[in-house]
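Structure assessment
The chain contents come next:
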Amino acid sequence: MTPAEFRSVGHDLVDRVSEFLDSLPDMPVTRGEKPSQLQRQLKSRKLPKSGSPTQAIIKEAAELLFDHSLFNGHPRFWGYITSSAAPIGALGDFLASSVNPNVGAWDLSPMATEIEKQTLGWIAEMIRYPPHSGGIFVSGGNMANLVGFWVARTSKAKWDVKKRGLQGGRETPLIYGTKETHAWLLKAADLSGFGTDAIRWVRLDKKSRMVASDLEKKIRNDIRRGRLPFMVVGTAGSVQTGAVDPLSEQAEICKKYGLWFHVDGAYGAFGAVLPELAGAYAGMSRADSIALDPHKWLYAPLEAGCILVKNDKLLHMTFSQHPAYYRFSRAGEEEPTNYYEFGPQNSRGFRALKVWLAFRQVGRSGYERMIRKDIALARRLFEKVGKTRELQQLSQSLSIATFRFVPHGMEPGTKKDETYLNKLNEELLTRLQRSGEVYLSNAVTNGTFALRACIVNFRTTTKDIDALPQIVVRHGRVVDSEMRKKTR
Ligand SMILES: *Cc1c(COP(=O)(O)O)cnc(C)c1O
């Protein structure tokens with residue numbers, strides 16, 4: 001591609017993307033198409049034998065995506081924990097891939113490495129974590145938690161676990177979490193060779209938070225029986241309900257028994273920027289490691305996760321290997337940061353730039369304002385639900401509200417009606433998701449199927465939130481009458 005062609009095709013694409021962003025509120029959140037419909041759009045094209053004009057293929061790709069995507073940037077997208085992406089992030093990714101630094105080694109990415117380090121320091125400062133902790137950007141929350149898990153494993157093993165593996169110990173070390181802990185923990189325990197039986201499931205209170213006294217009881221019992229506790233996983237903003245564990249008590253217990261304290265703050269840790277929530281997050285700064293997802297509450301486009309580790313020597317110890325073909329440190333010179341020694345990846349993209357740019361663009365105060373607004377919108381929704389006769393409030397924490405549709409005449413709490421309500425709300429969720437009007441997901445707590453709105457969306461307005469209860473009721477009535485007809 002010549003520079004002139006790049007310029008003209010590039011300008012044209014920026015125009016298309018700007019129009020797309022502008023029209024988001026007027027489009028359906030999703031068209032709810034089936035895989036086969038989309039496969040037909042792509043036709044059964046073989047690997048291209050020869051090339052095509054750039055302008056035409058960029059236009060085609062843009063149209064395919066604009067016409068057949070689910071838009072998490074839509075003001076009425078509230079599913080899972082997937083945020084609207086800040087447009088500055090798209091520009092950041094564009095710039096990053098144009099320069100294409102390999103942020104695996106300082107020599108290959110001098111300024112990019114320093115920007116990544118600075119960005120991690122800002123994230124630590126934002127959540128009141130020691131700013132000189134270590135850290136690294138990874139693809140997302142799962143990877144960030146996995147890295148934290150591996151650092152805990154290497155740091156707490158009383159034998160040379162890097163060399164001898166788990167077989168080097170007399171038995172498998174134990175991890176403490178809850179049923180609200182995200183499923184990364186199952187993957188981590190399984191794929192790291194511990195097996196999921198190494199997870200101790202600590203009891204939850206009514207608000208889905210870990211019961212600290214049960215944690216301590218389980219740890220003590222395990223120690224008494226000669227087992228090897230090594231790690232506690234606290235959650236700062238659970239994926240289902242936004243619950244924040246009693247982090248101070250968890251930190252205290254970890255200190256008492258010499259365990260690694262890891263906090264999964266993929267979604268919620270950024271909430272610590274709000275002074276009014278300081279109480280809930282007190283204790284998080286005592287964690288040995290924290291996983292965070294800038295692609296959630298920092299509004300970075302996918303992918304951007306990161307891990308902070310209080311003692312960066314332990315992060316380095318976990319991942320450092322020195323193959324003979326790398327000569328990135330030279331005696332007598334300043335010691336550069338080579339990120340391939342601080343994480344599982346070797347070649348690494350420049351994920352930090354989009355986050356760095358967004359920090360520069362809005363600052364701490366911008367994030368305070370946006371995060372506070374998301375939480376206020378979730379509370380507003382929860383209140384509106386409480387005032388809507390056919391809706392039942394279930395939970396509200398951080399920017400997540402859960403509720404369900406309960407038709408007239410139903411008695412929540414009775415076994416027969418509970419079974420029906422679960423089926424009804426599950427079908428209702430499918431309808432809502434396909435409708436393109438709004439996008440919710442679900443939570444299941446204590447056997448109750450809940451509709452769940454998670455607001456991590458700077459485009460959502462109070463008008464969008466106020467419209468939701470009646471949309472749910474309208475679809476709910478239709479689904480209810482269809483289900484009753486069928487069972488009659
Ligand atoms: C989103 C989330 C994860 C997983 O993060 P990904 O970025 O999807 O990999 C893990 N834990 C919590 C609490 C989350 O909210």
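Quick look at the structure, then. For clarity, every value in this text was computed on a predicted model and none was experimentally measured.

Secondary structure assignment for the protein yields 15 helices and 11 strands. In summary, the protein has a C-alpha radius of gyration of 24 Å against a globular reference of 23 Å for 488 residues, a match within 12%. With respect to the principal axes defined by its C-alpha atoms, the protein has extents near 75 × 70 × 45 Å. Out of the 488 residues belonging to the protein, those deemed buried represent 51%. Across the protein, the fraction of contacts at a sequence separation of at least 24, relative to all contacts at a separation of at least 6, is 72%. Total accessible area on the protein stands at roughly 24,100 Å², and carbon and sulfur atoms take up 53% of it. A gap of 5 Å separates the mean positions of the 69 positive and 51 negative side-chain charges of the protein.

Once that is clear, we can look at the sheet that holds strand 8 (residues 391-397). Spatially, the four strands line up as an open sheet ordered 8-9-11-10, and their pairing is antiparallel. Of all the strands in the sheet, the pair left with one neighbour each is strand 8 and strand 10 (441-445). Between one strand and the next, the sheet's axes are offset by a mean angle of 35°, whatever the strand orientation. Here strand 10 runs beside strand 11 (residues 448-454); their pairing, made up of five bridges, is antiparallel. Counted as the bridge partner of alanine 443 is alanine 450 from strand 11. Packing against the sheet, helix 13 (residues 352-386) makes contact with strand 8, strand 9 (400-405) and strand 11, and its axis sits at approximately 155° to strand 8.

This part takes up the packing of helix 6 (residues 141-156) against helix 12 (residues 312-319). At a minimum axis separation of 9 Å, helix 6 and helix 12 run at an interaxial angle of 90°. Taken together, helix 6 and helix 12 sit at an angle that is classed as roughly perpendicular. Residues Val147, Trp150, Val151, Thr154 and Ser155 of helix 6 form the contact with helix 12, whose participating residues are Leu314, Leu315, Met317, Thr318 and Phe319. Partitioned by chemical class, the residues of the contact of helix 6 with helix 12 number seven nonpolar, three polar and no charged.

For the rest of this paragraph, the subject is the sheet that holds strand 5 (residues 260-265). The strand order 1-7-6-5-4-2-3 describes an open sheet built from seven strands, whose pairing is mixed. Across the chains shown, the open sheet's two edge strands, defined by having one partner strand only, are strand 1 (134-138) and strand 3 (199-201). Here the strands of the sheet are splayed against their neighbours by 20° on average, with no regard to which way each runs. Sheet topology note: the strand 2 (residues 174-177)/strand 4 (residues 229-235) ladder contains three bridges and is parallel. Bridge pairing links tyrosine 176 to valine 232 in strand 4. Against the sheet, helix 6 makes contact with strand 1, strand 2, strand 4, strand 5, strand 6 (289-292) and strand 7 (305-309), and its axis sits at roughly 180° relative to strand 5, the strand it touches most.

Our next topic: a negative patch on the surface. Side chains of Asp15, Glu19, Asp22 and Asp26 sit close together on the surface and give a patch of like negative charge. The residue aspartate 15 is located in helix 1 (residues 3-23) in this model.

Buried within helix 12 we find Leu315, Thr318 and Phe319. Taken around the axis of helix 12, the buried residues stretch over an arc of 80°, which confines them to a single face. Where the residues of helix 12 are buried, they touch strand 1, helix 6, helix 7 (161-164) and strand 7. You can read the cap of helix 12 off the contacts: a side-chain oxygen lies 3.0 Å from the backbone nitrogen of lysine 313, and it is on asparagine 311.

Right, let's talk about the packing of aromatic side chains for a bit. By the definition in use, this model includes 15 aromatic pairs. Both rings, one in tryptophan 122 and one in phenylalanine 359, keep their centres 5.9 Å apart while their planes meet at 85°; by these two values the pair is edge-to-face. In this pair, tryptophan 122 is assigned in helix 5 (residues 110-126) and phenylalanine 359 in helix 13, connecting sequence segments 237 residues apart. Residue phenylalanine 359 is classed as buried on the basis of its relative accessible area, which comes to 9%.

Along the polypeptide, glycine 476 turns up in helix 15 (residues 462-487). For glycine 476, a relative accessible area of 0% translates into the label buried. Residues glycine 476 and leucine 428, spaced 48 residues apart in sequence, show a C-alpha to C-alpha distance of 5.9 Å. Apart from the residues lying within four places of it in its own chain, the contact partners of glycine 476 are Phe405, Leu424 and Leu428.

Right, let's talk about the nonpolar core for a bit. Among the nonpolar cores identified, the biggest contains 94 residues, and Ile123, Ile127, Ile175 and Met284 are the most heavily contacted of them. The element that contributes the greatest number of residues to this core is helix 13, accounting for 10 residues.

The full count for this structure, using the stated rule, is 28 salt bridges. With its nearest N and O atoms 2.8 Å apart, the salt bridge here joins aspartate 222 to arginine 200. With aspartate 222 in helix 9 (residues 212-224) and arginine 200 in strand 3, this pair connects stretches of sequence that are 22 residues apart. As far as burial versus exposure is concerned, aspartate 222 and arginine 200 are alike and both buried. The salt bridge involving glutamate 482 is made with arginine 431; its shortest N-O contact spans 2.6 Å. Residue glutamate 482 is found in helix 15, and its partner arginine 431 is found in helix 14 (residues 415-435); the two are separated by 51 residues along the sequence. Bridged by salt links that share partners, the residues Asp12, Arg16, Lys59 and Glu63 form one connected network.

Under the 1.5 Å per step criterion, the end-to-end length of helix 3 (residues 54-67) is 20 Å for 14 residues, consistent within 8% with the ideal 20 Å. Buried within helix 3 are the following residues: Thr54, Ala62 and Phe66. Down the axis of helix 3, the sector holding all buried residues measures 90°, keeping them to one side. In this structure, the buried residues of helix 3 make contact with helix 1.

Turning our attention to a nonpolar patch on the surface. A grouping of Met1, Phe6 and Phe94 is seen on the molecular surface, where their side chains present a nonpolar patch of about 360 Å² in accessible area. Relative to the helices and strands, phenylalanine 6 is located in helix 1.

To continue, consider the site of the ligand. Around the ligand lies a shell of 13 residues, among which Gly141, Asp264, Asp293, His295 and Lys296 are the nearest. In the model, an oxygen atom of the ligand is placed 2.8 Å from a nitrogen or oxygen of the asparagine 142 main chain. In the model, an oxygen atom of the ligand is placed 2.8 Å from a nitrogen or oxygen of the lysine 296 side chain. Expressed as a share of its isolated accessible area of 380 Å², the protein-covered part of the ligand is 84%. In terms of residues, the shell around the ligand owes the most to one element, helix 6, which gives three residues.

Thresholds, definitions, all that
Residues numbered from 1 in each chain as written. Predicted model: local features only at pLDDT ≥ 70, side-chain atom pairs only at ≥ 80, totals over all residues. Heavy atoms only, no water. Helix = DSSP H or I, 4+ residues; strand = E, 2+ residues; numbered from the N terminus. Rg over C-alpha atoms; globule rule 2.2 N^0.38 Å. Buried < 20%, exposed > 50% of the residue type's maximum accessible area, 1.4 Å probe, protein only. Contact = heavy atoms within 4.5 Å. Areas by Shrake-Rupley, 256 points an atom, 1.4 Å probe, with all protein chains shown as cover. Lys, Arg positive; Asp, Glu negative; His and termini not counted. Charge placed at Lys NZ, Arg CZ, Asp CG, Glu CD. Pairing = 2+ DSSP bridges. Axes fitted to C-alpha atoms, helices over the stretch in contact; angles between N-to-C directions. Parallel < 35°, antiparallel > 145°, perpendicular 65-115°, else oblique. Nonpolar A, V, L, I, M, F, W, Y, C, P; charged D, E, K, R; others polar. Patch = residues over 30% accessible without salt bridge, like charges linked within 9 Å, V, L, I, M, F, W, Y side chains within 5 Å. Salt bridge = Lys/Arg side-chain N within 4 Å of Asp/Glu carboxyl O. Arc of directions from axis to C-beta. Polar contact = N/O pair within 3.5 Å; in protein donor to acceptor, adjacent residues only side chain to side chain. Phe/Tyr/Trp six-rings, centres within 6.5 Å; stacked < 30°, edge-to-face > 60°. Core = buried A, V, L, I, M, F, W, Y, C linked by side-chain atoms within 4.5 Å. Expected span 1.5 Å × (residues − 1). Near = heavy atom within 4 Å.

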